[in-house]
Protein chains: 2
Amino acid sequence: MKLQLECIACMLRQIVEAGRMATDDEKKIRRIMDIYAGMIPEINLYKTAPEVTEVIHTLIKKELGVEDPYKEYKDKHIQLALDHYPVVKKIIENADNTIEAALIMAATGNSIDAGLNLKVNVVEVIESGMKDGFYFNDTSLFEEKLKKVRKLLIVADNSGEAVFDKLLIEELLKLYDLDITYAVRSRPVLNDITVKEAREIGLDRVSHLIDSGCSAPGMLIEQASQPFIKAFAEADIVIAKGQGNYEGLSETDRRVFYLLKAKCSVFAREFGAPQGSLIFKYL
Amino acid sequence: MKLQLECIACMLRQIVEAGRMATDDEKKIRRIMDIYAGMIPEINLYKTAPEVTEVIHTLIKKELGVEDPYKEYKDKHIQLALDHYPVVKKIIENADNTIEAALIMAATGNSIDAGLNLKVNVVEVIESGMKDGFYFNDTSLFEEKLKKVRKLLIVADNSGEAVFDKLLIEELLKLYDLDITYAVRSRPVLNDITVKEAREIGLDRVSHLIDSGCSAPGMLIEQASQPFIKAFAEADIVIAKGQGNYEGLSETDRRVFYLLKAKCSVFAREFGAPQGSLIFKYL
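Procedures and definitions
Residues numbered from 1 in each chain as written. Chains lettered and ligands numbered in written order. Predicted model: local features only at pLDDT ≥ 70, side-chain atom pairs only at ≥ 80, totals over all residues. Domains from an automatic or database assignment. Contact = placed C-beta atoms within 7 Å. Helix = DSSP H or I, 4+ residues; strand = E, 2+ residues; numbered from the N terminus. Nonpolar A, V, L, I, M, F, W, Y, C, P; charged D, E, K, R; others polar. Pairing = 2+ DSSP bridges. Axes fitted to C-alpha atoms, helices over the stretch in contact; angles between N-to-C directions. Buried ≥ 20, exposed ≤ 12 C-beta atoms within 10 Å, placed from the backbone. Arc of directions from axis to C-beta. Least-squares fit on C-alpha atoms with pLDDT ≥ 70 in both.

> So what exactly am I meant to see when it comes to the domain arrangement of chain A here?
Where interface size is given, it is often the accessible area lost as the parts come together that is meant. All names here are of chain A. Looking at chain A, the domain boundaries give domain 1 (5–64) and domain 2 (71–282). Contacts between the two partners involve 10 residues from domain 1, matched on the other side by 13 residues from domain 2. Listed by contribution, the elements that provide at least two residues to the side of domain 1 that touches domain 2 are α1 (5–22) and α3 (49–64). For the side of domain 1 that touches domain 2, the element with the highest residue contribution is α3, accounting for six residues. For the side of domain 1 that touches domain 2, the class distribution of residues is four nonpolar, three polar and three charged.

> Even after reading the chapter, I still don't get the sheet that holds strand β2 (residues 151–155) of chain B, so can you show me in this structure?
What links the strands of a sheet is backbone hydrogen bonding, and the strands pair in either a parallel or an antiparallel sense. Residue and element names in this part refer to chain B. Spatially, seven strands are ordered β1-β7-β6-β5-β2-β3-β4 in an open sheet, and the strand pairing comes out mixed. Taken across any chain shown, the strands that pair with only one partner, and hence form the sheet edges, are β1 (134–137) and β4 (208–211). Strand-to-strand twist of the sheet, defined as the mean angle between neighbouring strand axes without regard to direction, takes the value 15°. Judged from the five bridges that link them, β2 and strand β3 (residues 179–184) form a sheet pairing that is parallel. Its bridge partner lying in β3, V155 is registered against A183.

> For this particular structure, what's the right way to read helix α5 (residues 85–94) of chain B?
Residues and elements named next belong to chain B. Looking at α5, one finds that the buried residues are V88, I91 and I92. Summarising the axial view, the buried residues of α5 lie within an arc of 95°, below the 170-degree limit, and thus occupy one face. Residues P86, K90 and N94 are exposed on α5 and point more than 90 degrees away from its buried face. Elements that come into contact with the buried residues of α5 comprise α6 (98–109), α7 (122–132) and α9 (162–175).

> Would you explain the pairing of β4 of chain B in this entry?
Of the pairings in the sheet, the one linking β3 of chain B to β4 of chain B comprises four bridges and is parallel in character. Note that in β4 of chain B the partner of Y182 of chain B across the bridge is L209 of chain B.

> How should the relation of the copies chain A and chain B be read in this particular structure?
Note: a rotation about an axis with an accompanying shift along it relates these two copies of the chain. The two copies are related by a screw operation: chain A maps onto chain B through 180° of rotation and 0.1 Å of translation along the axis, at an RMSD of 0.0 Å. Put plainly, the chains are arranged around a two-fold axis. Within chain A, A37 of chain A has its C-alpha nearest the rotation axis, a separation of 2.4 Å. The overlap is high: 100% of the interface residues of chain A also sit at the interface in chain B, so the same surface is used on both sides.

> Would you take a moment to explain the sheet that holds strand β3 (residues 179–184) of chain A for this structure?
Residues and elements named next belong to chain A. Taken in spatial order, the seven strands line up as β1-β7-β6-β5-β2-β3-β4 in an open sheet, and their pairing is mixed. Every interior strand has two partners, whereas the edge strands, β1 (134–137) and β4 (208–211), have only one. For this sheet, the mean angle separating the axes of adjacent strands, direction not counted, is 15°.

> Got a minute to help me understand the environment of L5 of chain A in this structure?
Assignment of secondary structure puts L5 of chain A in helix α1. When the 22 C-beta atoms within 10 Å are taken as the criterion, L5 of chain A is described as buried. As a C-alpha pair, L5 of chain A and V266 of chain A span 261 residues in sequence and 9.3 Å in three-dimensional space. Not counting the four nearest positions on each side in its chain, L5 of chain A is found in contact with V16, E26, I29, R30 and M33 of chain B.

See below:
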């Protein structure tokens, strides 16, 4: 998915947001804004949003001398999600279709995303997620495929939602004989998950945890590590979580189950879904 | 009120918003974004938001060759507000304190504002406005003053809300012997009201309608016309509506009743009120 005019404006907003998280010195934030302003005329709309966002966040980290401006928010959101782990586990276990419920929860977790909204009421998000379900729902197709295959690759997105990804993986392993790989970002970018947070959550205990090689907030195949390239090629099913991974992987010719919440209005328009809706779509 | 870092980012967002309203040609919008990007390092944080916003919207109008990009939205919002006129009139007439209810409705109308949110459910806005009331409420002080004085000046803001301003004026004239002046923008900017829309709504039949001389989306005293300077000096009470007029007039030493909805998070933080709250405050 190509960059939109709105993305260029959103990135300037993200600079202020990430800057305020990392420093009280407005002059430093202003300097980054001015540098970005100088780059705006050069931004090529044939690029994807993750490509440009990576450049911006690398600039922020370099200028502020902070490796992970979103660290505090990630920790807070992981803790929030962990606090709700027992409730969500019960919701899944009590559902008619536990796989669908686990997928809904994993997509719902996608709205615990500091990138777009720093104030999140997790309980409200969980409840409305279960009530509304998926706007595009390819669960049946997914279940059919699960019966026939073994290798599943999940391309992870944000840190907080990964807690619910673990529940999804546990539910899948209860019902199917699967070999699951979980691919995370190579370095901190936005509130995305890296090996560090994935280990804290315990994803290495339920899956093969790999570094995707990508440090953009969306999987860019040209940055892929050898382990990712192998997993991507060998996987019978790929699930990619979040808008960023769609923006990156939709540029490849590999078919993928996209599991996400359409958070941004531009993305929702492009995807043909209402803003805020949950999506599980094989494309 | 001085410009914040967030305002600089919000203006880039407004360029895309206004641009898309006025043209389908993305290249033209991109050109305006690039020009604005070149201006960003020069934006002085000691200016007010209306000063800078005026420059941006003048640039948009010039580049696109469109005098009033928000025309369609203004017309739509005025019509929406007119459709709800009978309901709102009844709400006011049935209230315990009709003046307070009319003030709440006039502030509520302030959220019919294309500048921050293009999708507005008027009924929801009206209902929650009456339910929540004012976060800062100087109605008693206002009523005390009304008993002793005659000349009232209202500094208008957006087009849609002016329909409810007319109801406020009618309610005030029922109970008090007042001479009311209604001051509007000199030229189209954002979705703000000018003499043209004010006449369509019929504000000239209930007040002295004047051109404020200001074409920024917030009253800047240095742009004031002679009629405005006279009305501002002679008024016993000034009501200024909306964030933009606060941002401009709070720089003067004249005391004013500010009537608004704190729509933007930066403004709300500055004002010490929750985002989305209604405010009627004498400052």
